[in-house]
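# Observations on chain architecture
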Amino acid sequence: MRLARGRPLAAGAIAVAVVASVLTFLALPNAEAATLGSGSYATTQPAGTTGPTGCGSIATNPRQFVTSNAPAGAVPTNDWWSSLLFKRTECNYSLPLEAHPMAFQATAGGLGVSYTTDAAISGTATGVGEYHFPYTTEFTLGVTGLNAPNTMVDGWTDWTVTPSWSDGARTLKTTIGHGLPFVYARTSGGNAQLSFGGTPTVWSNSANRVGFTVRGHDYMAYAPTGATWTVSGANITSTLAGKDYFSVALLPTTTSTSAADRTALANTYGTYAHNHVTGTNVSWSYNQSASTVNATYTVTTTAREGTGSGTVMALYPHQWKNLSGSAPISQTYVSPRGTMKVLTGTAAFTTATKFQGVLPEIPAVADSAGADLSTLGSYLDQVATGDPLAAFGNDTYWTGKGLGRAARAAEIADQLGRTAQRDTLLNAIRTRLTDWFTASSGEAERLFVYNQAWGTLIGYPASYGSDQELNDHHFHYGYYIAAAATLAKFDKNWAATSAYGGMVNLLIRDANNPDRNDTMFPFLRDFDIYAGHDWASGHASFGAGNNQESSSEGMNFANALIQWGIATGNTQVRDAGLYIYSTQAQAIQEYWFDSSNQNFPASFAHNTVGMVWGDGGAYATWFSAEPEMIQGINMLPVTGGSFYLGYRPAYIATNYNEMTTNNGGPPTVWQDILWSFQALNNGDQALASFRANSGYTPEEGESKAHTFHWIRNLAALGQVDTSVTANTPLYAVFTKNGARTYAATNLTSASVTVTFSDGHTLSVPAGQTATNGAYTWSGGNGTSNPPTSNPPSSPPPTSSSPSPSPSNPPPVGSNKFYLRSGPALTATAGSGATTQTVTAAYGNYDGTPHNPVTYQVCGISGSPNGGATQFAFHVDAGTTVGQGIQARVSYDFTNTGSYGRVETYRYFATDPIVGTEQYTQAAGLASSSGTLSAMSNGCVRLELWNAIGNAPTTVRVDATAANGNQSTLTIPYTVS
């Protein structure tokens, strides 16, 4: 939620937004200060300011709706269930709680339960539009006679909550959560009751189980052994045989309609029905050598009867697409985030997500003519003249925007050796941050205040509800942390914990605290652990659940944690940033962009949304109906942490083209943001647009210096290459016309050698960024003096590995190539067989490469010999059924990036037996285009992907002749 610029959502979502009452928090006359290193923060409310507001005395006592069983310490906010506790509008119970696959709403009589599988879509294809899976009560789970005056919160864990009701005679406690198809209940004072709006359709009532259907959705209620259920009119009740527990399960949407199949699934769920979930926990680790973030999601269960363990969990797309080890069952659920896949009988699952790297700033490519360097210098002059923060507002958000703009320009000035401009910018950042990080008695501006009742840190002047509603802390504070990370590279003394680093860490702890034992702030306040992304609203009091608009500002926060953690040696902060960044990068591709075209409702006419709601999404913002802003709000700020936007280049064109269609032409506002996004796919076009329209007005947090630097260098570097990783967090790999540029940053005080997954190495001096094909000028980290003159107009030799430059490959003397790890194609065999993993399809991608493993060789000269492409790939799907691996071979005759001949082969259906099988050209051509022609320093590209199947496959690579079963590609050329 970001009520930016003060205008509400101009679409149907306003119907679900409930206007909040505002109760003024009585302020104390002066703000007492607590010191933290050289910094300080206030501990009492400054005069004339407000803190969190809501119903009754919640401003000063948020625990008035929390029972004595709830955890001690700071209460959570910004969650999917926050309207249960942060009661701003529904003062007794809650608004809809979007857990997925079910949704819930607290009422006087108990817990309303909803499962909506049909989307409500409004708006137009070229204007504001949205989709929702709106909450609709299918039944209420409760206790006979229950009439509670309010709903309390009895406890919470990482992705569950336990609402609690009591009317003095009867009590009810339920546990609900993300990914749980069960509601677990404890009762007293009456019979368990399921009440309906009419007579329910009961399809099974035997012993302690009753199955019923509402709106076409099947449920099964499980009472204790020995109990029975009674169906009477619009109610189903049970005495629970004197016990106090029961559960209700939603059966998957894809359950067969046959009674036998439905009963069999109900029996499977029944195995875990009395293993009540009593805890959830996430843990993460960073495998630096593999550049992978592993996250384990663990559920604790308590057996109410018997000694069973394990449960049923439904996984979101960003989880099951990165699932490690486990295999979902075939049945699925519908959700506003797309298909949820089901694991049964497990207590934990692990995701393994590749981390593709970030940099402090995009590297600079040498400017042989010097004209662009001169242009960039003049743009820098515009940023670094006077006070670079003078034109920005004084509140936390706009101060942050100004800090971000200055930090980006400082990084560029450092690359270019413009030390005077760099230091002007750094001094401005230092002065402003120091001001904000120092509180004095009576001060009411440019300070942070710790609110002990809520366990939160609020900056004043506040904006967009960051004080009264606790909105957007990660948005605002991410800019501060990122600017501090830039400053820390050059001024370690300032960044020390004993100086002002402690205040930076305090902002981190407030917005997304990585330490679950810290009672001063809640654990990961703004980040929804199971949903995989942030929520912006502190209170979530909307009919559509919680919401988040600017996913990219959430990523700015995550990137800031990575940069700050590395710059200051704080591994805990770094790894928290890596977890949030890598997880949310996947979630954005799935839920804001739907770049695989699988999750939005089929009839929703947009390829992106500006806002994600708990029950859907909206092509809209809180502040504008202009397409450039609806789409651009999920692109800004553009930084060295924005490379995730380029993971799927083809989608960038889809997104940008929708903007131009909806706008009726190219962007007329926020052009710089849209061009910077476009440059991740087509830098040449973005640069041409910049040069043709250089008189544009920059977006408030951008500068022409940064936009020109970003676009001009991406035009030279090309697209983000996700097929290669590195054993350091600060890296990036780019590809253009088959040539790779490797970049890495070293913020330590000693030279390091970075190894990339394709075998390339890069020696990076202390405090610098190094590349193999570009050149950057950096003093960084205070370990060496930055250059005092302009950089050379052409790059000097780098200290990277002696492998040849990919843009000028050595000539190839063979038409037979071996598949090598990296991945790569070479004319020589490997030194020992290993395997390359090909990602699971999770869909049908017959004929269309999806997450392909790409092999390429360049430097080929010769003429067609009249034959045909031949290959022998040794592949294996293990014991998995229903896999199909597919190949595409493309010929670039002159190494220009244009493929004159493309051959797509039919996929190869693997067997479910461990051991390799041979996939050859005999599978036949599925399609082809173009004709073979003579090659001059040309390239051949091989793409392998899984066209069908829900498990990864492997291809054998690096095999020697003695190993046998060598994977090879032979092209029909006589090579000269």
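Here we summarise the structure given alongside this text.

Rules used throughout
- Throughout this document, residue positions are counted from 1 along each chain, in the order its sequence is written.
- Given that the model is predicted, a residue must reach a pLDDT of at least 70 before its local features are reported, and side-chain atom pairs must reach 80 or more before they are shown or counted; all residues, however, enter totals for whole chains, interfaces and linings.
- Processing note: side-chain calculations cover all non-hydrogen atoms of the structure and skip hydrogens and water entirely.
- Pairs of cysteine sulfur atoms within 2.5 Å are what we label disulfides.
- Secondary structure is summarised from DSSP: a helix means a run of H or I of at least four residues, a strand means a run of E of at least two, and numbering begins at the N terminus for each.
- Burial classification: accessible surface area is computed with a 1.4 Å probe over protein chains only, and a residue below 20% of its type maximum counts as buried, one above 50% as exposed, and the rest as partly exposed.
- Residue contacts are counted whenever heavy atoms from the two residues lie within 4.5 Å of one another.
- A pair of strands is labelled paired if DSSP reports no fewer than 2 bridges between them.
- What is meant by a nonpolar core is a set of buried Ala, Val, Leu, Ile, Met, Phe, Trp, Tyr and Cys residues, joined one to another through side-chain atoms within 4.5 Å.
- Between the N-to-C directions of two axes lies an angle of 0 to 180 degrees, each axis being a line fitted to C-alpha atoms and, for a helix, fitted only over the stretch in contact.
- Oblique is the label for any angle not under 35 degrees, not over 145, and not in the 65 to 115 range, which are roughly parallel, roughly antiparallel and roughly perpendicular in turn.
- By definition, turning the near helix anticlockwise from the far helix through less than a right angle yields a left-handed crossing, and turning it clockwise yields a right-handed one.
- Under the grouping applied here, Gly and all other residues not named as nonpolar or charged are polar, the nonpolar ones being Ala, Val, Leu, Ile, Met, Phe, Trp, Tyr, Cys and Pro and the charged ones Asp, Glu, Lys and Arg.
- Lining residues are defined by having an atom within 4 Å of a point belonging to a cavity or pocket. Those points lie on a 1 Å grid over the protein atoms alone, cavities being sets where a 1.4 Å probe fits but cannot get out and pockets being open sets with protein on both sides within 12 Å along at least five of seven lines.
- Grid points are joined across faces, edges and corners, and a volume is the space filled by probe spheres set on the points.
- Expected span of a helix, by definition, is 1.5 Å for each gap between consecutive residues, and there is one gap fewer than residues.
- Pairing of aromatic rings covers Phe, Tyr and the six-membered ring of Trp, with a centre-to-centre limit of 6.5 Å; geometry is then stacked below 30 degrees between planes, edge-to-face above 60, and tilted otherwise.
- Any Lys NZ or Arg CZ that is within 6 Å of a ring centre and within 35 degrees of that ring's normal is treated as a charge sitting over the ring.
- For this document, the term salt bridge refers to a Lys or Arg side-chain nitrogen within 4 Å of an Asp or Glu carboxyl oxygen.
- Two N or O atoms count as a polar contact when they lie within 3.5 Å, although within protein this holds only if one can serve as hydrogen donor and the other as acceptor, and sequence-adjacent residues are included solely when both atoms are side-chain atoms.

## With respect to the state of the cysteines
Applying the stated rule across the entire model yields two disulfides. A disulfide bridge connects cysteine 55 with cysteine 91, and the sulfur atoms are separated by 1.9 Å. Its torsion about the S-S bond being -65°, the disulfide of cysteine 55 and cysteine 91 is classed as left-handed. Here cysteine 55, found in the loop between β2 (39-42) and β3 (97-98), pairs with cysteine 91, found in the loop between β2 and β3; they are 36 residues apart in sequence, far enough to count as distant. Here cysteine 858 pairs with cysteine 939 through a disulfide, and the sulfurs are 2.1 Å apart. As the torsion about the S-S bond is roughly 110°, the cysteine 858-cysteine 939 disulfide counts as right-handed. Placement of the pair is cysteine 858 in strand β43 (residues 853-864) and cysteine 939 in strand β50 (residues 935-948), with a sequence separation of 81 residues. Counting only the cysteines that form disulfides, in the order they appear in the chain, gives the pairing 1-2, 3-4.

## Observations regarding the side chain of threonine 174
Topologically, threonine 174 is positioned in strand β11 (residues 171-177). Of the residues examined, threonine 174 reaches a relative accessible area of 0% and is grouped as buried. Ignoring any residue separated from it by four or fewer positions in sequence, one finds threonine 174 in contact with Leu111, Leu141, Val161, Thr162, Pro163, Trp165, Val183, Tyr184 and Ala185.

## Section: the sheet that holds β3
The strand order across the open sheet built from seven strands is β3-β4-β5-β8-β13-β18-β17, with neighbouring strands paired in antiparallel fashion. Whereas interior strands pair on both sides, the edge strands pair on one side only; in this sheet they are β3 and β17 (230-232). Sheet topology note: the β3/strand β4 (residues 103-107) ladder contains two bridges and is antiparallel. Looking at β4, one finds that leucine 97 is bridged to phenylalanine 104.

## Section: the sheet that holds strand β22 (residues 311-315)
The strand order β22-β25-β24 describes an open sheet built from three strands, whose pairing is antiparallel. Across the chains shown, the open sheet's two edge strands, defined by having one partner strand only, are β22 and β24 (332-333). Examined bridge by bridge, β22 and strand β25 (residues 340-346) share five bridges and lie antiparallel to one another. Residue pairing in the sheet places leucine 315 in a bridge with lysine 341 of β25.

## Topic: the nonpolar core
Leu194, Phe212, Tyr269, Phe437, Ile481, Trp564 and Tyr579 are the most contacted members of the largest nonpolar core, which has 231 residues in total. Counting residues per element, this core draws most heavily on helix α10 (residues 571-592), which supplies eleven residues. Residue contacts for tyrosine 269: discarding those within four places in its chain leaves Pro181, Phe182, Tyr222, Ala249, Leu250, Leu251, Pro252, Val312, Tyr333 and Val342. Counting residues in hydrophobic clusters, the runner-up holds 29 residues, among them Val812, Leu819, Phe873 and Val940.

## Side note on the pairing of strand β40 (residues 816-820)
By the bridge criterion, three bridges tie β40 to strand β52 (residues 968-970) in an arrangement that is antiparallel. Bridge pairing in β52 links tyrosine 818 to threonine 968. Here three bridges tie β40 to strand β41 (residues 824-826), and the two strands are oriented antiparallel to one another. Bridge pairing links arginine 820 to alanine 824 in β41. The turn joining β40 and β41, which pair antiparallel and follow one another in sequence, is formed by three residues; a positive phi near 145° is taken by glycine 822.

## Section: the packing of helix α4 (residues 396-415) against helix α5 (residues 419-436)
When two helices pack together, you describe them by how their axes are tilted relative to each other and by the distance separating the axes. Across the interface, α4 lies against α5 with an axial gap of 8 Å and an inter-helix angle of 150°. In this view, α4 runs roughly antiparallel relative to α5, as classed from their interaxial angle. Two packed elements cross with a definite hand, and for α4 against α5 that hand is left-handed. Between α4, through Thr396, Thr399, Leu403, Ala406, Ala407, Ala409, Ala410, Ala413 and Asp414, and α5, the contact on the second element is made entirely by Gln421, Arg422, Leu425, Leu426, Ile429, Arg432, Leu433 and Trp436. Considered class by class, the residues forming the contact of α4 with α5 number eleven nonpolar, three polar and three charged.

## Structural notes on the packing of α5 against helix α6 (residues 473-490)
Running from N to C, α5 and α6 cross one another at 125°; their axes reach a closest spacing of 10 Å. Taken together, the axis directions place α5 and α6 in an arrangement best described as oblique. α6 is crossed by α5, and the crossing has left-handed handedness. On α6, the residues touching Arg422, Leu426, Ile429, Arg430, Leu433 and Trp436 of α5 are Tyr480, Ala483, Ala484, Thr486, Leu487 and Phe490. Classifying every residue of the contact of α5 with α6 by side-chain character gives nine nonpolar, one polar and two charged.

## What to know about the layout of surface pockets
Considering only enclosed or pocket space, the second largest pocket measures out at about 490 Å³ in volume. As for the second largest pocket, its lining consists of 28 residues, and the residues nearest its centre are Pro76, Trp156, Asp158, Arg516 and Phe523. Going through the elements one at a time, β20 (275-287), β21 (292-303) and β29 (527-528) are the ones with two or more residues in the lining of the second largest pocket. If you tally residues by element for the lining of the second largest pocket, the top one is β20, at three residues. Looking at the lining of the second largest pocket residue by residue, the classes come out as twelve nonpolar, ten polar and six charged.

## Points about helix α12 (residues 649-663)
Helix length check: α12, at 15 residues, gives a terminal C-alpha distance of 21 Å against a target of 21 Å (1.5 Å per residue), a fit within 8%. Regarding α12, the residues found buried are Pro649, Tyr651, Ile652, Asn655, Tyr656, Glu658, Met659 and Asn662. Along its buried surface, α12 packs onto β33 (616-619), α11 (627-632), α13 (671-692) and β34 (719-720).

## Topic: the environment of leucine 84
Relative to the assigned elements, leucine 84 resides in the loop between β2 and β3. For leucine 84, a relative accessible area of 0% puts it in the buried group. As for leucine 84 and alanine 390, which are separated by 306 residues in sequence, their C-alpha atoms are 42 Å apart. Residues contacting leucine 84, with those up to four places away along its chain left out, are Phe65, Tyr93, Ser94, Leu97, Ala106, Thr151, Val153, Val161 and Pro163.

## Observations concerning the packing of aromatic side chains
According to the stated counting rule, one finds 63 aromatic pairs in the structure shown. Between phenylalanine 182 and tyrosine 269, the aromatic rings sit 5.9 Å apart at their centres with planes inclined by 35°, giving tilted as the arrangement. Here phenylalanine 182 is found in strand β12 (residues 182-188), whereas its partner tyrosine 269 is found in helix α1 (residues 259-270), with 87 residues between them in sequence. Grouping residues by exposure puts phenylalanine 182 and tyrosine 269 together as buried. Within the aromatic cluster, the residues linked to one another by ring pairs are Trp436, Phe437, Phe448, Tyr477, Tyr480, Trp494 and Tyr500. Above the plane of the ring of tyrosine 696 lies lysine 704, whose end atom (NZ or CZ) is 5.0 Å from the centre.

## A few points about the environment of valine 282
In this fold, valine 282 is placed in strand β20. A sequence separation of 16 residues divides valine 282 from threonine 298, and the C-alpha atoms of the two residues are 6.3 Å apart. Leaving out residues up to four positions away in the same chain, valine 282 has contacts with Asp158, Trp159, Thr296, Tyr297, Arg516, Phe523, Ile529 and Tyr579.

## Some remarks on the pattern of salt bridges
Tallied over the full model, the rule gives 28 salt bridges. The residue arginine 215 makes a salt bridge to glutamate 138 at a minimum N-O spacing of 2.8 Å. Taken together, the positions of arginine 215 in the loop between β15 (209-214) and β16 (217-222) and glutamate 138 in the loop between β7 (129-132) and β8 (139-143) put the pair 77 residues apart, joining distant regions of the chain. The exposure class assigned to arginine 215 is partly exposed, which follows from its relative accessible area of 44%. Counted as one network, the salt bridges with shared partners bring together Asp372, Arg691 and Arg712.

## Notes on the side chain of serine 114
Tracing the sequence through the fold places serine 114 in strand β5 (residues 110-114). Its relative accessible area of 1% is what places serine 114 among the buried residues. Only 3.5 Å separates the side chain of serine 114 from the side chain of threonine 116, close enough to count as a polar contact. In terms of polar contacts, serine 114 uses its side chain to reach the backbone carbonyl oxygen of threonine 136, at 3.0 Å. Serine 114 has contacts with Met102, Ala103, Pro134, Tyr135, Thr136, Glu138, Arg215 and Tyr219, leaving out every residue within four places of it along the chain.

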